[in-house]
Structures are given as structure tokens and as C-alpha cells.
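Fold and geometry: a report
Below are the chains, spelled out letter by letter.
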Amino acid sequence: MHHDPHIVHEHGPLIYGMCRRLADDPDDAYQSIWEKVLKALPRFDPEGRAPLGAWIATIARRTLIDRYRRSVVRGEIVPVESLRASDPDPETGLARRQLAGSLEAQLRALPPE
């Protein structure tokens, strides 16, 4: 199966949506996911049970979980500037960090679609 640019066009919006919700650096995560997808594409079985979109989403989910785990292991501190301007006060930032704590559980619970 050759690299077909339309798969990025077709599945990109869903994958970018996952990155925006679940990654601290969505553009970097998005790039990294597509590199993995395109590298793995020759192993995708079009006759297999999983449709292409679900297969790509699985790679995306694993990549996002890995990135999240690595950032937790490194103990990265989110710089204050990176908390969105829409956060009116420090408590909102704290609430966001607590929410991030449940990220992995949410990722695991996502349906393949």
C-alpha cells in the first residue's frame, strides 16, 4: 500500500482534534503521530478487521499516552505563560493540572472511533 496523501487529508482533522485535547504541544504530537502512521502503513492490512481510521486512531492514542507518560516521568512543570489566557486565575490552572491527572484513564476509555 503506497503512501496516499489523501489519508492525511481525510483523517487529519480527527487526529488533530485528539492532539488539541490531549497533548501539551498539539502540533508536535500531530507531526509525530503521522510519522509513525506513515512508517507503519506498509504493515496495515486492508483486509483486516480494523478500518484505516480506527487503525490510525489507535496509533494516535498510543502515541499520546506515551508522550503523556514521558512528561509525567520527567516531572515537567507547565510554565505559567502556557496556561491559556482564558484561565482567569491560578486556581483554574490548578484545576487543569488535576484534570490532566485523569488524562490517561480518559485515553484508555476512548472508543477506537
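The preceding data block contains the structure.
Before going into details, it helps to say that this report is about the structure given with it. Fair warning: this is a prediction, and the values are worked out from it, not measured in the lab.

Attention now goes to the overall build of the protein chain. Scanning the protein chain for helices and strands turns up five helices and zero strands. If you list the helices and strands of the protein chain from N to C, you get α-α-α-α-α. The proportion of buried residues among the 113 residues of the protein chain is 33%. Within the protein chain, residue pairs in contact and separated by at least 24 positions form 62% of the contacts whose partners lie at least 6 positions apart. For the protein chain, the accessible surface area stands at approximately 7,900 Å², while carbon and sulfur atoms represent 56% of it.

Scanning all chains against the criterion turns up one salt bridge. Note that Asp28 and Arg67 form a salt bridge whose closest N and O atoms lie 3.0 Å from each other. In this pair, Asp28 sits in helix α2 (residues 26-40) while Arg67 sits in helix α3 (residues 52-74), placing the two residues 39 residues apart along the sequence. The class of Asp28 is partly exposed, set by a relative accessible area of 39%.

We now examine α3. If you check α3, its first and last C-alpha atoms are 33 Å apart, about what 23 residues at 1.5 Å a residue would give, namely 33 Å. Gly75, located one to two residues past α3, shows a positive phi value of around 60 degrees.

A few words on the nonpolar core. Ile15, Val37, Trp55, Ile56 and Leu64 are the most contacted members of the largest nonpolar core, which totals 19 residues. Looking at this core, the elements that each hand over two or more residues are α1 (5-22), α2 and α3. Ranked by the residues each element gives to this core, the list is headed by α3, at six residues. Contact partners of Ile56, with chain neighbours within four places excluded, come to Ile7, His11, Ile15, Trp34 and Val37.

Let us now look at the packing of aromatic side chains. This structure, assessed with the given rule, holds three aromatic pairs. Centre to centre, the rings of Tyr30 and Trp34 are 6.2 Å apart; their planes meet at 75 degrees, and the pair counts as edge-to-face. Of the two residues, Tyr30 and Trp34 both sit in helix α2, four residues apart, roughly one turn of that helix. Trp34 gets classed as buried once you look at its relative accessible area, which sits at 6%. Judged by centre distance (4.9 Å) and plane angle (55 degrees), the rings of Phe44 and Trp55 are tilted. Placement of Phe44 in the loop between α2 and α3 and of Trp55 in helix α3 is noted, with a sequence separation of eleven residues between them. Classification of Phe44 by relative accessible area gives buried; the value is 9%. Put simply, the rings of Tyr16, Tyr30 and Trp34 pair up and form one aromatic cluster.

Thresholds, definitions, all that
Residues numbered from 1 in each chain as written. Predicted model: local features only at pLDDT ≥ 70, side-chain atom pairs only at ≥ 80, totals over all residues. Heavy atoms only, no water. Helix = DSSP H or I, 4+ residues; strand = E, 2+ residues; numbered from the N terminus. Buried < 20%, exposed > 50% of the residue type's maximum accessible area, 1.4 Å probe, protein only. Contact = heavy atoms within 4.5 Å. Areas by Shrake-Rupley, 256 points an atom, 1.4 Å probe, with all protein chains shown as cover. Salt bridge = Lys/Arg side-chain N within 4 Å of Asp/Glu carboxyl O. Expected span 1.5 Å × (residues − 1). Core = buried A, V, L, I, M, F, W, Y, C linked by side-chain atoms within 4.5 Å. Phe/Tyr/Trp six-rings, centres within 6.5 Å; stacked < 30°, edge-to-face > 60°.

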